Amino acid sequence: MFNGMMKEIMDQVGGLSSQNTELCAFLRNILQAMMQIIDALSACVRHVGSFEEAPDLDLIRSLPTCILKVLRETFQHCKDSEVVYCGRLSLVADLLQGLFKEAYSLQKSLLEVLDRVSLDSSASEEEVSDIVTVIHSLLDICSVISNLDIALHANTWKFLIKQSLKYQSLVEERLHHDDISNRLCDNLLASFHSCVELAEQIKHADLQESTQSAEYKLFQKTAKMCRFFANTLVHYIKEFKFFLTKSCSNFHQIYLQIINKFPPSLGAASLPVALSGELNAAARVPMDAFLLQLLPLRPFAEVVLKRDLRLSPEHELPQCLLLVSIMGQLACQPEEVLQLWYAGSQFREETPRLPLYQAILMSFRQCLTERKVPVLLPGVMLKGQAQVEVTLHHHICVQLCASVAVLPPVYFPVLERCLVDAVLQPDTPTAMLATDVWCFSARYGSAELCLHHVLLIAQLVKACPSECYQMLHLGVLLKRMVFLMTPSHQMELVAQLPPSEVENHAVWRHILLRALSQDTRRRVETEMISLTQKVLADWQNGGYKLGQVERVNVLLRSLLTVIRGQSSPEEQCVLSAVRIVTQLWLRMSSDQLQTHAVLQCTLQLLLSATALLVKNIEPQVICQALLCLDAVVSQNCGDQLLLAALEFLSSLGKIFVPPDSQSQILPRLSSLFGVILADKSWLIHQHALEAFSYFAENTNHEEVISQSLCVESTKTKVVNYLSKVPNAQEDAESRLERLKQETTVIQQHNKKLENKETVSNRLAAEAVADSEPCPKRARQETSTEEEYSRYIQTAESALKALQGLIEGKANSTTPPPQWLESRLQGLQTLITHITSVRHTT
């Protein structure tokens with residue numbers, strides 16, 4: 001009957017108008033009849049509810065089904081009334097309002113009756129089916145009333161969830177869990193987006209201080225609904241999580257969409273503190289509990305850790321923060337959950353998923369724009385200090401290190417593989433993040449583990465070509481790791497990778513010698529200088545063949561390491577380096593530089609070395625350097641060579657050129673500055689400004705300054721730089737758009753680098769495969785023969801270093817200490833004793 005009346009209205013409503021009084025009266029009579037039906041049903045409910053005892057569901061089973069269908073149609077008609085009556089709503093508005101109130105009251109009464117019903121494990125199949133039908137019918141009603149009445153919507157959901165939990169053991173295998181959870185997600189998102197829109201409207205209308213305004217009260221009500229749906233969803237997942245495996249992708253998207261609307265996401269609105277706090281409490285705070293319930297679900301892990309996960313750019317940062325949040329919650333999880341997230345997929349039959357650490361590092365790599373802005377997050381609270389905001393790198397680094405500190409040892413090999421992969425990929429900020437975590441891991445672990453890591457990194461360095469991004473990243477890591485080694489392990493590093501062997505200089509050129517203990521440092525310096533002198537002598541004796549230049553370049557890179565580690569220009573190593581550099585400059589030919597790339601590399605290294613030694617270099621050598629530099633700068637030379645040239649040119653400000661050499665040096669110096677300052681590359685131009693500024697501040701030859709600025713445009717740029725005149729400022733929107741465009745270019749460049757499969761990739765993979773230590777354990781003992789070899793090498797190196805020291809002091813006025821001879825005799829006695837013991841055994 002009720003459906004027939006509804007159909008009659010839909011058929012006749014098209015002709016409704018104020019002039020057609022007959023039809024108007026007819027439709028109003030139908031609406032009144034519908035209200036009478038609802039009133040009759042209400043009477044039935046009141047009658048059932050009047051008994052003291054709880055009603056038997058089997059005796060009233062037709063009542064809920066009938067009423068819930070009538071209620072759904074009624075609410076749907078009221079919701080669609082503006083469309084159905086199309087501008088003539090005022091003719092029936094009073095009756096529709098009454099109809100809604102009657103339906104509202106009927107639903108409330110029915111739910112009170114159903115709440116008194118109680119079923120136990122002995123309930124019949126029909127009774128269980130009836131309860132399931134009631135829950136699903138209420139779910140349909142919820143979809144209709146979501147925009148009609150906030151209180152009705154909330155109360156209906158409360159009853160739906162309450163019934164689901166009340167009869168959980170009876171209905172859990174029959175409920176449409178995915179429909180219920182998806183509807184909760186939709187309502188959560190809808191209320192959340194409404195909150196954000198209302199907050200922005202309040203901000204723009206400047207009503208945030210007016211807490212009694214209608215807009216503010218509506219915002220508070222909507223935020224309350226948002227919090228209700230978030231908490232309800234968490235509760236439902238907690239009770240039925242293992243029936244919700246198909247909804248995990250939806251849960252993932254919910255998290256990303258909500259976090260994307262909060263700082264530090266670039267798409268987040270800037271809201272007043274009060275509004276932001278309420279929004280945070282309503283939506284973001286429940287997300288932690290939301291994740292906690294999802295951690296044991298394998299399908300959720302498979303979605304979040306998917307190998308080829310594709311996200312829109314605005315969801316890259318939320319994904320990164322999601323992974324970090326998950327990592328923070330794993331410490332108190334059981335072993336099977338840790339295995340799920342830390343280990344990654346283990347078998348082919350599994351859906352491929354990344355280890356969590358690898359996923360975090362890869363996700364951080366995707367946040368290029370956010371790193372450049374940079375976005376800021378709350379830092380860790382420290383006792384007695386105010387909380388400060390930190391960069392994304394800082395935030396993730398702290399969280400990763402905290403995770404490593406409590407990581408079970410069984411997962412350390414996985415961590416090491418993830419860090420190796422991150423260091424060997426082309427994005428440098430990601431490699432630096434992995435380097436930070438690796439250094440913490442080495443420092444947190446045992447000294448033996450640190451030694452093992454350094455030897456592994458050295459192996460990877462030797463496997464790389466001389467110039468590649470992997471070498472750059474590994475070099476930085478190696479440089480930092482050596483600082484963490486004990487003196488004895490540093491000496492063992494020297495023994496296993498003797499600086500006296502050319503092939504090991506690929507490693508030593510990355511190590512800061514000041515990181516070494518005094519004895520180790522002196523030995524390394526001596527062996528490096530001795531080997532460099534020997535290679536140069538061999539090159540000279542072989543007729544200065546071009547094929548041997550690359551070998552010379554290898555030693556020059558190591559020589560730079562030695563020079564940079566010296567604190568006094570009078571030290572023996574510095575004097576030896578000056579002789580080597582002078583010898584090489586005198587062999588350089590400006591004609592050959594233009595045709596042989598390997599000599600340009602030599603020139604670059606010589607320029608860097610000369611810049612450090614400039615106060616000890618003779619004027620004729622400086623003149624030769626400027627002559628060679630002039631020959632290549634006029635050509636299309638590489639950026640690295642130009643940067644080395646600028647380092648050299650700026651260092652000339654620290655010396656006074658003798659009058660008899662000024663005519664040869666100063667004009668060339670002015671000309672070179674003028675050419676490089678006019679370079680069109682913004683990177684070279686910026687370095688040129690810095691180098692020229694340094695030279696101008698320190699030089700005594702002021703005529704060079706004016707002669708370098710003959711071109712008016714160059715002069716203007718230099719003057720503006722020295723006067724600190726800022727360039728044109730970008731507005732925030734333009735800057736963000738530019739950063740996004742740069743992000744695309746950098747990502748394409750990194751992809752090209754990765755697509756170039758190099759020998760180093762394969763050798764590095766082999767090195768990692770061959771080296772799998774148990775975490776936090778001592779390195780395996782070497783064979784007896786290796787031990788003999790290591791100690792003999794140590795003794796030989798120490799004696800050679802002593803010999804070099806004595807020979808270097810031979811011409812000085814300071815004699816060797818008096819005790820030296822007796823100590824040498826003691827060593828000779830010890831060697832004799834060792835030899836006799838060997839023959840005896």
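Being a predicted model, the structure only gives us computed values, none of them experimental.

### Some details on the overall build of the chain
Then step 1. Per the secondary structure count, the chain includes 39 helices and two strands.
Then step 2. For 841 residues, the compact-globule formula gives about 28 Å, and the C-alpha radius of gyration of the chain, at 39 Å, lies well above that figure.
Then step 3. For the C-alpha atoms alone, the extent of the chain along its principal axes is close to 125 × 85 × 50 Å.
Then step 4. Expressed as a percentage of its 841 residues, the buried residues of the chain come to 46%.
Then step 5. Counting contacts in the chain only where the partners sit at least 6 residues apart, residues at least 24 apart contribute 76% of the total.
Then step 6. Carbon and sulfur atoms form 52% of the exposed surface of the chain, whose accessible area is close to 42200 Å².
Then step 7. The averaged location of the 90 negative side-chain charges in the chain is 4 Å from the averaged location of its 75 positive side-chain charges.

### Some points on the environment of leucine 612
Then step 1. By the element assignment, leucine 612 lies in helix H29 (residues 597-613).
Then step 2. Note on leucine 612: relative accessible area 38%, which makes it partly exposed.

### Structural notes on the pattern of salt bridges
Then step 1. Tallying each qualifying case throughout the model produces 18 salt bridges.
Then step 2. With a closest N to O distance of 3.2 Å, lysine 372 and glutamate 742 form a salt bridge. Here the residue lysine 372 occupies a position in helix H17 (residues 368-372), and glutamate 742 occupies one in helix H36 (residues 732-755), the gap between them amounting to 370 residues.
Then step 3. Its relative accessible area of 25% is what places lysine 372 among the partly exposed residues.
Then step 4. For glutamate 742, a relative accessible area of 30% translates into the label partly exposed.
Then step 5. Put simply, Lys372, Glu730, Arg738 and Glu742 are held in one network by salt bridges that share partners.

### A closer look at helix H20 (residues 428-444)
Then step 1. End to end, H20 covers 24 Å across 17 residues, agreeing with the expected 24 Å (1.5 Å per residue, within 8%).
Then step 2. Within H20 the residues assigned to the buried category are Thr430, Ala431, Leu433, Ala434, Thr435, Asp436, Val437, Trp438, Cys439, Ser441 and Ala442.
Then step 3. Residues of H20 that are buried sit in contact with helix H16 (356-366), H17, helix H18 (392-405), helix H19 (412-424), helix H21 (447-463) and helix H22 (469-482).

### A word on the packing of H21 against H22
Then step 1. The N-to-C vectors of H21 and H22 enclose an angle of 155 degrees; their axes lie 10 Å apart at closest approach. It follows that H21 is roughly antiparallel to H22 by the angle criterion. Of the two elements, H21 crosses H22, and the hand of that crossing is left-handed. Seen from H21, the contacting residues are Cys450, His453, Val454, Ile457, Leu460 and Val461; seen from H22, they are Met471, Leu474, Leu477, Leu478 and Met481.
Then step 2. When grouped by side-chain class, the residues that make up the contact of H21 with H22 number 10 nonpolar, one polar and no charged.

### What to know about the confidence of the model for the chain
When pLDDT is low, close inspection of the predicted coordinates is not appropriate.
Then step 1. Across the chain, the average pLDDT comes to 89, with 93% of residues at or above 70.
Then step 2. For the stretch residues 771-782, pLDDT sits under 50, and the model shows 27 contacts to residues farther than four places along the chain or on other chains.

### A short note on the packing of aromatic side chains
Then step 1. Evaluated as defined, the whole model comprises 15 aromatic pairs.
Then step 2. With centroids separated by 6.4 Å and ring planes inclined at 90 degrees, the aromatic side chains of tryptophan 157 and phenylalanine 229 adopt a geometry described as edge-to-face. Taken together, the positions of tryptophan 157 in helix H7 (residues 150-166) and phenylalanine 229 in helix H10 (residues 214-240) put the pair 72 residues apart, joining distant regions of the chain. The exposure classification of tryptophan 157 matches that of phenylalanine 229, with both residues buried.
Then step 3. For the pair tyrosine 342 and tyrosine 357, a centre-to-centre distance of 5.4 Å together with 15 degrees between the ring planes defines the contact as stacked. Placement of tyrosine 342 in helix H15 (residues 335-342) and of tyrosine 357 in helix H16 is noted, with a sequence separation of 15 residues between them.
Then step 4. On the basis of relative accessibility, which here comes to 2%, the residue tyrosine 357 falls in the buried class.

### Some thoughts on unusual backbone geometry
Keep in mind that most residues, glycine aside, have a negative phi and that most peptide bonds are trans.
Then step 1. Omega for the bond connecting proline 263 with proline 264 falls within 30 degrees of zero, at 10 degrees, which places this linkage in the cis form.
Then step 2. Cis geometry is adopted by the peptide bond preceding proline 374, which originates at valine 373 and carries an omega value of -15 degrees.
Then step 3. Position of proline 374 among the secondary structure elements: in the loop between H17 and strand S1 (376-378).
Then step 4. One non-glycine residue, lysine 724, adopts positive backbone phi at about 60 degrees.
Then step 5. Relative to the helices and strands, lysine 724 resides in the loop between helix H35 (712-722) and H36.
Then step 6. Looking at lysine 724, the relative accessible area reads 72%, which means it is exposed.

### So, the packing of helix H9 (residues 177-204) against helix H11 (residues 248-259)
For any two helices packed against each other, the geometry is given by the interaxial angle and the distance between the axes.
Then step 1. Interaxial distance between H9 and H11 falls to 11 Å at its minimum, and their mutual angle equals 10 degrees. One finds that H9 runs roughly parallel with respect to H11. Where H9 abuts H11, its residues Ser181, Asn182, Cys185, Leu188, Leu189, Phe192 and His193 lie against Asn250, Phe251, Ile254, Gln257 and Ile258.
Then step 2. Classifying every residue of the contact of H9 with H11 by side-chain character gives seven nonpolar, five polar and no charged.

### Examining the state of the cysteines
Then step 1. With the rule as written, the count across this model stands at zero disulfides.
Then step 2. There is no disulfide at cysteine 397, and the cysteine sulfur nearest it, in cysteine 401, is 4.1 Å away.
Then step 3. Judged by relative accessible area, cysteine 397 falls into the buried class, the value being 14%.
Then step 4. With no disulfide of its own, cysteine 710 lies closest to cysteine 623 among cysteine sulfurs, the gap being 20 Å.
Then step 5. You can call cysteine 710 exposed: its relative accessible area is 67%.

### A short note on H16
Then step 1. Buried residues dominate H16, accounting for nine of its 11 residues.
Then step 2. Buried within H16 we find Leu356, Tyr357, Gln358, Ala359, Ile360, Leu361, Ser363, Phe364 and Arg365.

### Things to note about a nonpolar patch on the surface
Then step 1. On the surface, a nonpolar cluster with roughly 430 Å² of combined accessible area is contributed by Leu799, Leu824, Leu827, Leu830 and Ile834.
Then step 2. In terms of residues, the nonpolar patch owes the most to one element, helix H39 (residues 819-840), which gives four residues.

### A word on the environment of valine 134
Then step 1. As for its position among the elements, valine 134 is in helix H6 (residues 125-145).
Then step 2. Valine 134 gets classed as buried once you look at its relative accessible area, which sits at 8%.
Then step 3. Considering only alpha carbons, one finds valine 134 and leucine 160, 26 residues apart in sequence, at a separation of 8.5 Å.
Then step 4. If we skip the residues at most four places from it in the chain, valine 134 touches Pro64, Leu68 and Leu114.

### Structural notes on the side chain of histidine 153
Then step 1. With respect to the element layout, histidine 153 can be found in helix H7.
Then step 2. Look at histidine 153 and you get buried, because its relative accessible area is 3%.
Then step 3. In this view, histidine 153 contacts Cys142, Ile145, Ser146, Asn187, Met225 and Phe229; residues no more than four positions away in its chain are not counted.

Rules used in this analysis
- Residues numbered from 1 in each chain as written.
- Predicted model: local features only at pLDDT ≥ 70, side-chain atom pairs only at ≥ 80, totals over all residues.
- Heavy atoms only, no water.
- Helix = DSSP H or I, 4+ residues; strand = E, 2+ residues; numbered from the N terminus.
- Rg over C-alpha atoms; globule rule 2.2 N^0.38 Å.
- Buried < 20%, exposed > 50% of the residue type's maximum accessible area, 1.4 Å probe, protein only.
- Contact = heavy atoms within 4.5 Å.
- Areas by Shrake-Rupley, 256 points an atom, 1.4 Å probe, with all protein chains shown as cover.
- Lys, Arg positive; Asp, Glu negative; His and termini not counted.
- Charge placed at Lys NZ, Arg CZ, Asp CG, Glu CD.
- Salt bridge = Lys/Arg side-chain N within 4 Å of Asp/Glu carboxyl O.
- Expected span 1.5 Å × (residues − 1).
- Axes fitted to C-alpha atoms, helices over the stretch in contact; angles between N-to-C directions.
- Parallel < 35°, antiparallel > 145°, perpendicular 65-115°, else oblique.
- Left-handed = near helix turned anticlockwise from the far one by under 90°.
- Nonpolar A, V, L, I, M, F, W, Y, C, P; charged D, E, K, R; others polar.
- pLDDT = per-residue confidence, 0-100.
- Phe/Tyr/Trp six-rings, centres within 6.5 Å; stacked < 30°, edge-to-face > 60°.
- Disulfide = S-S within 2.5 Å.
- Patch = residues over 30% accessible without salt bridge, like charges linked within 9 Å, V, L, I, M, F, W, Y side chains within 5 Å.

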